[in-house]
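An overview of the molecular structure
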Number of protein chains: 2
Amino acid sequence: MSTAFRRVAVLGLGLIGGSLLQALRQLGSEIVGYDVDSAAAAAASASGYPVAPTDAAAVHGADLVVLAMPLPEVAAAVQSLAPHLSASAVLTDVGTLKQPVLSAVREAAPAATFVGGHPLAGVEETGWNAADPLLFRDAPWALTLEDDTSLDAWLRMAELVCDLGGRPVPTTAADQDAAVGRVIGLPHVLAEALALTGLAGGPLGLSLAAGSYMSGSRVARTPPELVTTWCDGNPALVDALDDAIAHLTGARTALAAGESVFPLARRGHAARTNWERRRFEPVELVPSVEALRALGRAGGWVTAVLRDDDGHRLLGMRPV
Amino acid sequence: MSTAFRRVAVLGLGLIGGSLLQALRQLGSEIVGYDVDSAAAAAASASGYPVAPTDAAAVHGADLVVLAMPLPEVAAAVQSLAPHLSASAVLTDVGTLKQPVLSAVREAAPAATFVGGHPLAGVEETGWNAADPLLFRDAPWALTLEDDTSLDAWLRMAELVCDLGGRPVPTTAADQDAAVGRVIGLPHVLAEALALTGLAGGPLGLSLAAGSYMSGSRVARTPPELVTTWCDGNPALVDALDDAIAHLTGARTALAAGESVFPLARRGHAARTNWERRRFEPVELVPSVEALRALGRAGGWVTAVLRDDDGHRLLGMRPV
């Protein structure tokens, strides 16, 4: 049972929101869902989950409110629910980009205690029917820590994420969006380009496309409207694309000159295998904004939030 | 039991050669393996597979000889085995690019009855220990049909591929290499560029990299020496890279101007989902070079080679 929050409202019952609602129930939390889309609400309700008729009813009495709707709907959702938020409630979200959500909350609910969140746990399926209460096991989960973020609220969120089996990664909205441009935005744009270019050679190629095409273009199965919300407005993705285009242009020039793609292949192989081979060591720290941000910048995460008479202690993991 | 060939020699016992040796034994074929690398030969032998001490001994009496060594070793291997090849033997290979192999065989064994082959069945693991006798189930398997290819030898190879559970795709070496540039070369080069660029932003990105990075860079796990043999010297890959770079540059320009990646995402999504949704209809044809090539160009493949008193009939599938 999670002791971080007593009653959690999840607004938006798609893949992430639905998975979270299901995972929270498995923790023994009191939960309530809500979705502006009555079909999504009905699907959750038919599966036996409590669904509130309005956002106000969902938020009423909740000490954690989770924004799990698509990014374009976040600003209006925050505006609508803000008057109903308890003074002691924590507000969080699960979106891919953290800066736009932070701006929307600062604008529409400046008094809210907000901790931005991003579970790195999507699959290319969407909707309540794809929801999975085990989706967050071992998933990195960015939790933003700005200068004005409540450290207490951050720690409660970290505790909840640990209870869900995820890995709370302390970061700022700006740093997380920069990283996400490279590890989410870029893979999606490359997958779209591959999906399109790979099959542009005619039907013979369609029948010869196999493993490498299939995995390389897997995330092009994601609805393009969602991909757009993960990519647009992120300047880090422009830089990442510039770097990727430079590598591809280098390989293209080498090939056209009768030379080899080996230099790129060697470096790509090393990057991927070194990533897989990372090893971690346990760390313990007294929580502070600076210590937490340093842990996240180093590639580490929190594994447990311990409360004792002197306050909090954190356990975590950090790359060796 | 496959009736296409009586005794098969597989030269090169890595992932593809090893899988083929194991799959052929499960068909009841008489088999013998060979590898210039004594460690690979010993591994196959220790698993209970017959391994010849020399290529001459392996090839002796075989009515099918399979070249399954890496591309850079093919020319020397053909030169070495050519004097030992039976006059009635069929020679085939399993490499990714078909034109370099065709040239090597024409040079070193001009009298050989050669049918180029390419099972689209790799995984990023390599070597005998990764071999899997079920690797070829439902795998497309390009079989080249040049103007001077023996139609009878081609049909026997198609029969064997069907017996192995694969899908013989009739094509020319030039057409298959053009298609492979887009559906194998391109995904590999993109995966290398993603593996490298995605992780270039520092340790925070390493810990946030998840599903889309993982599938997009999966084939960067392949040894770079192998990737090189699938890419280098294929002019079609230059064209494919030009197209992909143009799509990426378009997305980059849109993002930098505050616009959306949606146009690319929409087209990439449509390409991928239309590919998955292809439907096929059965066809029957009297085999001829032209009819077979037309079937392959249309995205079709052979499902059965039937022999009756009047000669051969072929059953196949073709996109609707």
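Calculation rules
Residues numbered from 1 in each chain as written. Chains lettered and ligands numbered in written order. Predicted model: local features only at pLDDT ≥ 70, side-chain atom pairs only at ≥ 80, totals over all residues. Helix = DSSP H or I, 4+ residues; strand = E, 2+ residues; numbered from the N terminus. Rg over C-alpha atoms; globule rule 2.2 N^0.38 Å. Buried ≥ 20, exposed ≤ 12 C-beta atoms within 10 Å, placed from the backbone. Contact = placed C-beta atoms within 7 Å. Expected span 1.5 Å × (residues − 1). Nonpolar A, V, L, I, M, F, W, Y, C, P; charged D, E, K, R; others polar. Least-squares fit on C-alpha atoms with pLDDT ≥ 70 in both. pLDDT = per-residue confidence, 0-100.

1. Examining the overall build of chain A
Counting its secondary structure elements, chain A contains 13 helices and 11 strands. By the compact-globule yardstick of 20 Å for 320 residues, chain A fits well, its C-alpha radius of gyration being 21 Å. Dimensions of chain A, computed from the C-alpha atoms along their principal axes, are close to 70 × 45 × 35 Å. Expressed as a percentage of the 320 residues in chain A, the buried residues total 56%. Of the contacts formed within chain A by residues at least 6 apart in sequence, a portion of 69% connects residues at least 24 apart.

2. Describing helix α6 (residues 151-163) of chain B
With 13 residues, α6(B) extends 18 Å between its outermost C-alpha atoms, agreeing within 8% with the 18 Å of an ideal straight helix rising 1.5 Å per residue. Within the span of α6(B), buried status applies to Ala153(B), Trp154(B), Leu155(B), Arg156(B), Met157(B), Ala158(B), Glu159(B), Leu160(B), Val161(B), Cys162(B) and Asp163(B).

3. Side note on the environment of Arg182(B)
When you line up the elements, Arg182(B) lands in helix α7 (residues 173-198). We classify Arg182(B) as buried; it has 28 C-beta atoms within 10 Å. Residues Arg182(B) and Val238(B), 56 residues apart in the sequence, show an inter-C-alpha distance of 9.4 Å. Ignoring any residue separated from it by four or fewer positions in sequence, one finds Arg182(B) in contact with Thr197(A), Gly198(A), Ala200(A), Gly201(A), Gly205(A), Ala236(B) and Ala240(B).

4. Notes on the interface of chain A and chain B
For interface size, the figure often reported is the accessible area lost on association. If you look at the interface, chain A gives 90 residues, while chain B gives 90 residues. No other element matches the 20 residues that helix α7 (residues 173-198) of chain A contributes to the side of chain A that touches chain B. Here the side of chain A that touches chain B is built from residues that sort into 54 nonpolar, 22 polar and 14 charged.

5. Thoughts on the relation of the copies chain A and chain B
With an RMSD of 0.0 Å, chain A superimposes on chain B once it is rotated by 180° and translated 0.0 Å along the axis. Such values leave the two copies arranged in the relation of a two-fold axis. For chain A, the minimum C-alpha distance to the rotation axis belongs to Gly216(A) and amounts to 2.3 Å. Most of the interface of chain A is mirrored in chain B, where 100% of its interface residues are also at the interface.

6. Quick look at the confidence of the model for chain A
For any part of a model where pLDDT is low, the fine detail of the predicted coordinates should not be relied upon. Confidence in the prediction of chain A, expressed as mean pLDDT, is 94, and 99% of residues score 70 or more. The ipTM, which scores confidence in the relative placement of chains, is 0.89 for this predicted complex, and the corresponding pTM is 0.90.

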